[in-house]
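Summary of structural features
The residues making up each chain are set out below.
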Amino acid sequence: MWKAFKRGPAVGCRRVPLPSVSTRVTEQRWPPRRGGPRTRGPACRGGERPPLPCRRERPGGNRGCRPSASSPRGAAMARAGALLALWVLGAAAHPQCLDFRPPFRPQRRLALCSRYSVFGCCDEKRDAELTSRFWALANRMLAAEWADCAGYARELLCQECSPYAAHLYDAEDPSTPLRTVPGLCQDYCLTMWQKCRRLLRHLSTDKKLWALEDNRDKFCHYLSLDDMDYCYPNLMANKNLSSDLGHMVADATGCLQLCLEEVANGLRNPVAMVHAGDGTHRFFVAEQVGLVWAYLPNRFRLEKPFLNISQAVLTSPWEGDERGFLGIAFHPSFRHNRKLYVYYSVGIRAEEWIRISEFRVSEDDENAVDHSSERVILEVKEPASNHNGGQLLFGDDGYLYIFTGDGGMAGDPFGTFGNAQNKSALLGKVLRIDVDRKERGLPYGIPPDNPFLGDPAARPEVYALGVRNMWRCSFDRGDPESGAGRGRLFCGDVGQNKYEEVDLVERGGNYGWRALEGFQCYDRSLCANASLNHKLPIFAYPHTTGKSVTGGYVYRGCEYPNLNGLYIFGDFMSGRLMSLHENPETSQWQYNEICMGHGQTCNFPGLINHYYPHIISFGEDEAGELYFMSTGEPSARVPRGVVYKIIDPSRRAPPGKCKIQPAKVKIRSGLIPFLPRESADRPPRTRTAHPKGGIRGEERCSPPEACLPGVKDQATGLTLSSHLLGPLLSVLYFLSFLL
């Protein structure tokens, strides 16, 4: 799994050098175009949030914390600020809609606000609502007035559809009153005032604005914005602001700017997040200690564990212990046969083994496993306590893929060539078995196309070899429209002394260990053996970048189209998030680091730009959205683990396109509501030694449910016990399907 480590601070918006990489990898920006508008605030450093924008004194006002751009001092500050922003981000700020979410490409052309049919903040429904308001204005005004004002009415109404609507309406700070009229440029406002200033009496409910309509200078001063780059109509004419709209934003070094959403917390080393593929859109999070928790689509957690084999799992409180509950996979036909499979460490007669077992869900409770149903599928003796592998996956072929480590210690010292190159050993391999058949006296069958089935010197279960310790693998779902890439198997293989690597696993492939580490020779005598026919990784990075790769997923979800095809992974030791994207013409993989969004990018309700540094695992939900799990303290006994959803703040899918309808689930357990612990301006706390001993910082609870005795009503000071809260929340959950 992971390696020995050094504890670090929470990860935020930090800059780090790009890794030096070898053959077949190019360090390019993806997508090639980057940037966008300049930032309005300082970049965050060391995971700290930048200050919130200045609050304005009134909905349409422009008097805030900065001097006017028209004053000499204000102009000088504006020029200096622009230069500083361009130096920090190389041209990067953030489009945003009035709902605090990214703009999108409408599914149909807009009628009234056709200018924003390609990219903006309105769908067909919102465009129709604005059209109704447009004709309502026409009915309120005299025909002669309307002839001069119709064009202005349309332009002003349609700024709600602008990709920069949040800025135009002063909505970037949720605590600031929303403007009733978008911020206007001086020249535009003066012309509008001359021709049809009476329009705003019908368009706006702001009585302060009404009172100023006969005073041209005060009227336009009231409607202006501090930042002249963002006022209408200059905003859309500015090439720096409009040229890359809808493309993923990168900073000057090519680091992609993404945000996060907290999904679950209080977990003890969350090692896996999976779904059952049964239409319920539940997700299941496994803790290293041996518990699996079920979460509903609304992120409520069931009070009773879905699975609890903590008494059988071999692990310890030691930070960095690689043993424990390591993997879980649901049968492709789980909806009908209710089977799932787990991978965990056990102690048998003072020896350490890895065990793969089958369980069934209880007949009485679809949110709980029948623990008496365990059927042991496979056990493999571990010669050491590290390099335990742990991934379980079902492929499109219906077979179970099992990823084992090389047995531990350093350099795979077992036998002449090590376990990984020994086809007769199950360690250091990718195995493939058929759990729906039994043959040869085994509790499973052997797929007829396994590559070494006819080799008397090989175990028939072996699908690929030359593996050191693959930690987190995934199958590509394929492009949502074309299906391209479907079935590709990506793995992160943890390195020894110098390199971490990402592999594309293929049938019969030899991935080089211990002859190779990354692209470089490790054992020179084996490295010179051409008969091994090694497959090189698609990407490798040195230990100056990170020391324990955590494999991820190719994003194929619906909500964030720009992420489609991007393989996102991380490093447990350095806390880096990274990405690869394949160039279809050259088949080369382009590398980009992923950074948390700067400035205003993630400063919106529900979004954060920091995370705990020890990235343990990645996961997909049933809809294909992407998550990762990390912790502030990698011990199987400490509840510092958090599940984060990856958010692209540059573009989202149009409203309604990604709507899901989860199948109903009968709830027999109490429910624990999700309460986020992180906020946009408060990074995760790390432990600090108390002068008198002990630990100061986040409250420690073991088990984590001990932290949730009840929910306190802030108004009355009363506390609802979890025994009463569970049934109440169950009722609310069922009502949510009816609303």
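Residues numbered from 1 in each chain as written. Predicted model: local features only at pLDDT ≥ 70, side-chain atom pairs only at ≥ 80, totals over all residues. Heavy atoms only, no water.

- The chain is annotated in an unreviewed UniProt entry as HHIP-like protein 1 isoform X2 of Sapajus apella.
- Recorded under Subcellular location (unreviewed entry), the UniProt text for the chain is reproduced unchanged: "Secreted". (UniProt positions renumbered as here; feature names shortened; annotations may be inferred.)

1. Overview of the state of the cysteines
- Taken as a whole, this structure holds 10 disulfides when the rule is applied.
- Paired by a disulfide, Cys-97 and Cys-121 hold their sulfur atoms 2.0 Å apart. With the S-S bond torsion at -85°, the cross-link from Cys-97 to Cys-121 turns out left-handed. In this pair, Cys-97 sits in the loop between α1 (72–89) and α2 (124–140) while Cys-121 sits in the loop between α1 and α2, placing the two residues 24 residues apart along the sequence. Cys-121 carries the same exposure label as Cys-97, and that label is buried.
- Paired by a disulfide, Cys-122 and Cys-161 hold their sulfur atoms 2.0 Å apart. Taking the torsion about the S-S bond as the criterion, the Cys-122 to Cys-161 disulfide, at about -90°, is left-handed. On the criterion of sequence distance, the pair formed by Cys-122 in the loop between α1 and α2 and Cys-161 in the loop between α3 (143–157) and α4 (165–168) is long-range, its members being 39 residues apart. (Disulfide = S-S within 2.5 Å. Helix = DSSP H or I, 4+ residues; strand = E, 2+ residues; numbered from the N terminus. Buried < 20%, exposed > 50% of the residue type's maximum accessible area, 1.4 Å probe, protein only.)

2. Section: the sheet that holds strand β12 (residues 391–394)
- Judged by pairing direction, the sheet is antiparallel, and its four strands sit side by side in the order β12-β13-β14-β15 without closing on themselves. Looking at strand neighbours, the two that pair on one side only are β12 and β15 (462–465), the edges of this open sheet. Ignoring which end each strand starts from, the neighbouring axes of this sheet average 20° apart. (Pairing = 2+ DSSP bridges. Axes fitted to C-alpha atoms, helices over the stretch in contact; angles between N-to-C directions.)

3. Let's talk about the environment of Pro-106
- Mapped onto the elements, Pro-106 comes out in the loop between α1 and α2.
- By relative accessible area, Pro-106 is classed as buried at 9%.
- With near-sequence residues (within four places) excluded, Pro-106 lies in contact with Tyr-116, Ser-117, Val-118, Phe-119, Cys-122 and Pro-654. (Contact = heavy atoms within 4.5 Å.)

4. What to know about the packing of aromatic side chains
- In total, this model carries 25 aromatic pairs according to the counting rule given.
- For the pair Tyr-401 and Tyr-463, a centre-to-centre distance of 5.2 Å together with 85° between the ring planes defines the contact as edge-to-face. Separated by 62 residues along the polypeptide, Tyr-401 in strand β13 (residues 400–403) and Tyr-463 in strand β15 bring together distant segments of the chain. Pair check on accessibility: Tyr-401 and Tyr-463 agree, each one buried. (Phe/Tyr/Trp six-rings, centres within 6.5 Å; stacked < 30°, edge-to-face > 60°.)

5. Remarks on the packing of α3 against helix α5 (residues 186–196)
- The interhelical angle for the contact between α3 and α5, taken along N-to-C directions, is 140°, at an axis separation of 9 Å. As far as their axial angle goes, α5 and α3 are oblique. Considering how the two elements wind past one another, α3 and α5 form a crossing that is left-handed. Residue-level contacts link Asp-148, Cys-149, Tyr-152, Glu-155 and Leu-156 of α3 to Tyr-188, Thr-191, Met-192, Lys-195 and Cys-196 of α5.
- Residues that form the contact of α3 with α5 fall into these classes: six nonpolar, one polar and three charged. (Parallel < 35°, antiparallel > 145°, perpendicular 65-115°, else oblique. Left-handed = near helix turned anticlockwise from the far one by under 90°. Nonpolar A, V, L, I, M, F, W, Y, C, P; charged D, E, K, R; others polar.)

6. Focus on the nonpolar core
- Core analysis: the biggest nonpolar cluster contains 73 residues, and Phe-306, Phe-325 and Ile-328 have the highest contact counts within it.
- For this core, the element with the highest residue contribution is strand β9 (residues 339–348), accounting for seven residues.
- When near neighbours in sequence (up to four residues on either side) are disregarded, Phe-325 contacts Val-271, Ala-286, Glu-287, Gln-288, Gly-290, Val-292, Leu-307, Ile-309, Val-313, Val-342, Tyr-343 and Tyr-344.
- By size, the runner-up hydrophobic cluster in this structure holds 48 residues, among which are Met-141, Ala-150, Leu-168 and Cys-231. (Core = buried A, V, L, I, M, F, W, Y, C linked by side-chain atoms within 4.5 Å.)

7. A closer look at the sheet that holds β9
- Taken together, four strands build an open sheet; the order of strands is β8-β9-β10-β11 and the sheet is antiparallel. Only two strands of the sheet have a single partner each, and these edge strands are β8 (325–330) and β11 (369–382). Sheet twist, expressed as the average angle between the axes of neighbouring strands with direction ignored, equals 25°.
- Here 10 bridges tie β9 to strand β10 (residues 351–361), and the two strands are oriented antiparallel to one another. Among the inter-strand pairings, Tyr-344 is bridged to a residue of β10, identified as Arg-355.

8. Quick notes on α3
- A maximum bend of about 55° is found in α3 at Cys-149.
- On its buried side, α3 packs onto α2, α5 and α6 (199–203). (Bend = angle between axes of the 7 residues up to and from the residue.)

9. With respect to α2
- Here α2 contains 17 residues, and its C-alpha end-to-end distance of 25 Å stays within 8% of the 24 Å for a straight helix at 1.5 Å per residue.
- Asp-127, Leu-130, Phe-134, Leu-137 and Ala-138 are the residues of α2 that are buried. For α2, the buried positions fall inside an angular range of 100° around the axis, keeping them on one side. In α2, the exposed residues that point more than 90 degrees away from the buried face are Lys-125, Trp-135 and Asn-139. (Expected span 1.5 Å × (residues − 1). Arc of directions from axis to C-beta.)

10. As for unusual backbone geometry
- Residue Pro-233 is reached from Tyr-232 by a cis peptide bond, and omega for that bond is 10°.
- Looking at the secondary structure, you find Pro-233 in the loop between α8 (216–223) and α9 (234–237).
- Residue Arg-514 follows Trp-513 across a cis peptide bond; omega there is 10°.
- Its place among the elements puts Arg-514 in the loop between β18 (499–505) and β19 (516–517).
- Positive phi, close to 60°, is recorded for Asp-170, a residue that is not glycine.
- Topologically, Asp-170 is positioned in the loop between α4 and α5.
- Exposure remark for Asp-170: the relative accessible area of 9% places this residue in the buried category.

11. Digging into the side chain of Arg-323
- Considering the arrangement of structural elements, one finds Arg-323 in the loop between β7 (307–308) and β8.
- A distance of 2.9 Å separates polar atoms of two side chains, one belonging to Arg-323 and the other to Asp-321.
- Apart from the residues lying within four places of it in its own chain, the contact partners of Arg-323 are Gln-288, Leu-314, Thr-315, Ser-316, Trp-318, Ser-345, Glu-352, Ser-385 and Asn-388. (Polar contact = N/O pair within 3.5 Å; in protein donor to acceptor, adjacent residues only side chain to side chain.)

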